[in-house]
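Structural overview for review
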Amino acid sequence: MRLLIVEDELHVRERLAEGIEWQGLGVELVDAVSTGSEALAVVRSDHVDIILTDIQMPEMSGLELAGEVRRQAPYIKLIILTGYDDFEYARQGIEHGVMKYLIKPADNEEIAGAVLEAKAQREKDLREAHHLAQLESRWQEHVPHLKAMFYKGWLHGRYAEWELDRHRRDLKLEGQAGFMLPVTLDMDPILAGNERFQADDRALVQFSLYTIARDLLEGEDCAVIQDDDGMVVALFIKPPAYGEDELYSLVNQLIARLLGTVKDCLKLTASAGIGSIATSPALLPLAYKHSRAALQERIVLGHDVAIPYRGASIGAKRQAELGQLEKELELAILSGHAERRQEIVARLMEEGFGPDKPLTEAKEQLLRLMCLLAGIVHGQGWTLNETLGDDYALFESFGRLLAREQIEEWLLRMSARIGDAITGQRKSGAQLTVEEVIRYTRERLHEEELSLYAVAGQLYVNYSYLSRTFKEVTGESFSDYVLRMRMEQAKELLAKGLKVYDVAEQVGYKHVNYFSKSFQKYWGVKPSEMNK
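Quick summary incoming for the structure in this document. Keep in mind the model is a prediction, meaning the values are calculated, not measured. (Residues numbered from 1 in each chain as written. Predicted model: local features only at pLDDT ≥ 70, side-chain atom pairs only at ≥ 80, totals over all residues. Heavy atoms only, no water.)

**Side note on the overall build of the chain**
Along the chain, the regular secondary structure elements total 22 helices and 10 strands. Computed over the C-alpha atoms, the radius of gyration of the chain is 33 Å, more than 25% above the 24 Å expected from 2.2 N^0.38 for a compact globule of 532 residues. Within the chain, the proportion of its 532 residues that are buried is 43%. In the chain, which carries 63 positive and 84 negative side-chain charges, the distance between the mean positions of the two groups comes to 1 Å. (Helix = DSSP H or I, 4+ residues; strand = E, 2+ residues; numbered from the N terminus. Rg over C-alpha atoms; globule rule 2.2 N^0.38 Å. Buried < 20%, exposed > 50% of the residue type's maximum accessible area, 1.4 Å probe, protein only. Lys, Arg positive; Asp, Glu negative; His and termini not counted. Charge placed at Lys NZ, Arg CZ, Asp CG, Glu CD.)

Given below as structure tokens:
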């Protein structure tokens, strides 16, 4: 739910915006503005669900704003803050669709409760407007596309294990377990002189292959998708009890029938590459590569043929597991989790460099890790030399590492150096942003309307991001920082002998009385007593 605050008094507006943890309540603060006209501009340009507004404001009252909102966006829930417990205000508010009145001074807990009440009502309205049955119908229409996208990502190894589990759960595919056998299908080249199709009709005949495969195979525990390059993938999934030989036999029969149907319907031929059987989700990308490799054999065997993969499968499971660990290491480096990084390196050493592993495999695994680290650095737009600095020579010497202990120390050092560089870059970016905010604030400390919203607008930065970043870097909220700077500067100016009303003006207070109260609350003494 998205909330807009409208309040002309700066200190009240900042209290409402920053004094309540809106995000923790499931509410996103869109903006906090000082006039009704500004609020209407936000409503026209952005999505707002709830408006919390003062009733007494210049230019346009809260009730007038409510009337305009009801005409322009009647779904918005309105909460009004007022200092007057007046029946006439309440009557007009009901006419303008005001949901709740809060009498000032309302505390943060009461205000948050009113907003949560409005949030619940808005969510109820949305549920009623988008009936569950309609949503279910729309979801079902969209599911086939989502499943195709998921299968495509799974075949190409784009998901970590936890992502696979989540997607399968969301798409209700948890029951798909056991043996998985991918088959890659492709139309054979269209020969010159064909009377029905030309060479540039390839996309059309590939789609025809996809539709025929879908009609014949789906319903046989098979998912059919069309890959990015137009090739068709038939993914057969059977429970372990089915048996590998039975699965191969079934797939060969179905694919033979499919290729025959293509020939009968299109008067063209297609070929198929039958991959290896994947016994776990992590092995499916490798099995898919095997099906693509098998299909390439039609260069030798000719067209209109189903070709089984005959490559060596020794170590396939181990390679898939190592590939998963490499993805986890990359994530740990990018996220800056040092402990997780060390844990994954230890597992990589055990899986890839154990005493039972052949020397050739260990050397290849080391080369893969070197490429992984280089890829992470280059993905940031950096060079290895500038990122690793003094450790660049050590990185280059990976080929001279002889013992498992040396490899582990090298990998820990390189991953830590790269991870620290990425974390440092992230922090330096936030530091520079906060420095800009501080510089902007100090230059305008004399302005009363000094808010983080104004600063965010001047710096072209999202308000929510700026608020979190400022607090993370400085340890205090922006409003607390501004108050501290104003009070410290006021103390210095008073110590120099300036009059109280001059000091108030220089630190952004129009009303001397309000300044005096704020100063006394902050320092424990009145400003007039500073030089006594």
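Moving on from the coordinates now.
**Brief notes about the sheet that holds strand E2 (residues 28-33)**
As summarised here, the arrangement of the 5 strands in space is E2-E1-E3-E4-E5, forming an open sheet in which the pairing is parallel. Single-partner strands in this sheet number two, and they are E2 and strand E5 (98-103). When strand polarity is set aside, the average angle formed by the axes of neighbouring strands in this sheet is 15°. As defined by bridge partners, strand E3 (residues 50-54) adjoins strand E4 (residues 77-82) across 5 bridges and the pair is classed as parallel. Its bridge partner lying in E4, Ile51 is registered against Leu78. (Pairing = 2+ DSSP bridges. Axes fitted to C-alpha atoms, helices over the stretch in contact; angles between N-to-C directions.)

**A closer look at a nonpolar patch on the surface**
Side chains of Ile299, Val300 and Leu301 sit close together on the surface and give an oily, nonpolar patch of about 370 Å² of accessible area. With respect to the helices and strands, the residue Leu301 is situated in helix H11 (residues 298-301). Taking relative accessible area as the criterion, Leu301 reaches 53% and is therefore assigned exposed. (Patch = residues over 30% accessible without salt bridge, like charges linked within 9 Å, V, L, I, M, F, W, Y side chains within 5 Å. Areas by Shrake-Rupley, 256 points an atom, 1.4 Å probe, with all protein chains shown as cover. Salt bridge = Lys/Arg side-chain N within 4 Å of Asp/Glu carboxyl O.)

**Topic: helix H2 (residues 36-45)**
Along H2, the residues that are buried comprise Gly36, Ala39, Leu40, Val42 and Val43. Down the axis of H2, the buried set is contained in an arc of 160°. They therefore lie on one face. Exposed side chains of H2 directed beyond 90 degrees from the buried face belong to Arg44 and Ser45. (Arc of directions from axis to C-beta.)

**Concerning the packing of H2 against helix H3 (residues 62-72)**
Each packed pair of helices is defined by two parameters, the angle between the axes and the distance between the axes. Between H2 and H3, the shortest axis-to-axis distance is 10 Å and the interhelical angle comes to 15°. In terms of orientation, H2 lies roughly parallel with respect to H3. At the point where H2 passes H3, the crossing takes the right-handed sense. For the pair H2 and H3, the contacting residues are Gly36, Ala39, Leu40 and Arg44 in the first and Leu65, Glu68, Val69 and Gln72 in the second. Classifying every residue of the contact of H2 with H3 by side-chain character gives 4 nonpolar, 2 polar and 2 charged. (Parallel < 35°, antiparallel > 145°, perpendicular 65-115°, else oblique. Left-handed = near helix turned anticlockwise from the far one by under 90°. Contact = heavy atoms within 4.5 Å. Nonpolar A, V, L, I, M, F, W, Y, C, P; charged D, E, K, R; others polar.)

**Some words on the packing of aromatic side chains**
Describing an aromatic ring pair means giving the distance of the ring centres and the angle of the ring planes. The tally for this structure, following the rule as stated, stands at 14 aromatic pairs. When the centroid spacing of 5.7 Å and the interplanar angle of 20° are considered together, the rings of Phe150 and Tyr159 count as stacked. Here Phe150 falls in the buried class, since its relative accessible area comes to 2%. For Tyr159, a relative accessible area of 17% puts it in the buried group. The side chain of Arg486 reaches across the aromatic face of Tyr509, ending 5.8 Å from its centre. Between the NZ or CZ atom of Lys491 and the centre of the ring of Trp523, over which it lies, the distance is 4.0 Å. (Phe/Tyr/Trp six-rings, centres within 6.5 Å; stacked < 30°, edge-to-face > 60°. Lys NZ or Arg CZ within 6 Å of the ring centre and 35° of its normal.)

**Topic: the pairing of strand E6 (residues 179-187)**
A regular strand carries its side chains on alternate faces of the sheet. Counted residue by residue, E6 has 9 buried out of 9 residues, so it is predominantly covered. By the alternation rule, side chains of E6 split into Phe179, Leu181, Val183, Leu185 and Met187 and Met180, Pro182, Thr184 and Asp186, which are all buried. Of the pairings in the sheet, the one linking E6 to strand E8 (residues 232-238) comprises 7 bridges and is antiparallel in character. Following the sheet pairing, Leu181 is matched in E8 by Phe236. Of the strand pairs in this sheet, E6 and strand E9 (residues 270-274) are connected by 5 bridges, and their pairing is antiparallel. Within E9, the position partnered with Asp186 by the bridge is Ser271.

**Notes on the pattern of salt bridges**
Taken as a whole, this structure holds 25 salt bridges when the rule is applied. With a shortest N-O distance of 2.4 Å, Asp186 and Arg298 are connected by a salt bridge. On the criterion of sequence distance, the pair formed by Asp186 in strand E6 and Arg298 in helix H11 is long-range, its members being 112 residues apart. The same class applies to Asp186 and to Arg298, which are both buried. Put simply, Lys238 and Asp221 hold a salt bridge, and the shortest N to O gap is 2.8 Å. Residue Lys238 is found in strand E8, and its partner Asp221 is found in the loop between helix H8 (202-217) and strand E7 (222-226); the two are separated by 17 residues along the sequence. Exposure remark for Lys238: the relative accessible area of 9% places this residue in the buried category. One network of salt bridges, in which partners are shared, links Asp186, Asp188, Arg202 and Arg298.

**Description of the side chain of His290**
The topology assignment puts His290 in helix H10 (residues 284-295). Under the relative-accessibility criterion, His290 is labelled buried at 9%.

**Some thoughts on unusual backbone geometry**
The backbone of Asp304 sits at a positive phi, close to 60°, despite the residue not being glycine. Mapped onto the elements of the fold, Asp304 is located in the loop between H11 and strand E10 (306-308). What makes Asp304 partly exposed here is its relative accessible area of 29%. Phi is positive for Tyr460, close to 55°, though the residue is something other than glycine. Mapped onto the elements, Tyr460 comes out in the loop between helix H18 (452-459) and helix H19 (463-474).

**Some remarks on the environment of Glu161**
Positionally, Glu161 belongs in helix H7 (residues 161-170). With a relative accessible area of 51%, Glu161 lands in the exposed category. Expressed as a C-alpha distance, the spacing of Glu161 and Glu328, which sit 167 residues apart in the sequence, is 9.6 Å.

**Some points on the environment of Phe398**
Its place among the elements puts Phe398 in the loop between helix H16 (392-396) and helix H17 (404-443). Along the sequence, Phe398 and Glu488 sit 90 residues apart, while their C-alpha atoms lie 56 Å from each other. Apart from residues no more than four positions distant in its own chain, Phe398 is found in contact with Leu366, Leu367, Met370 and Trp410.

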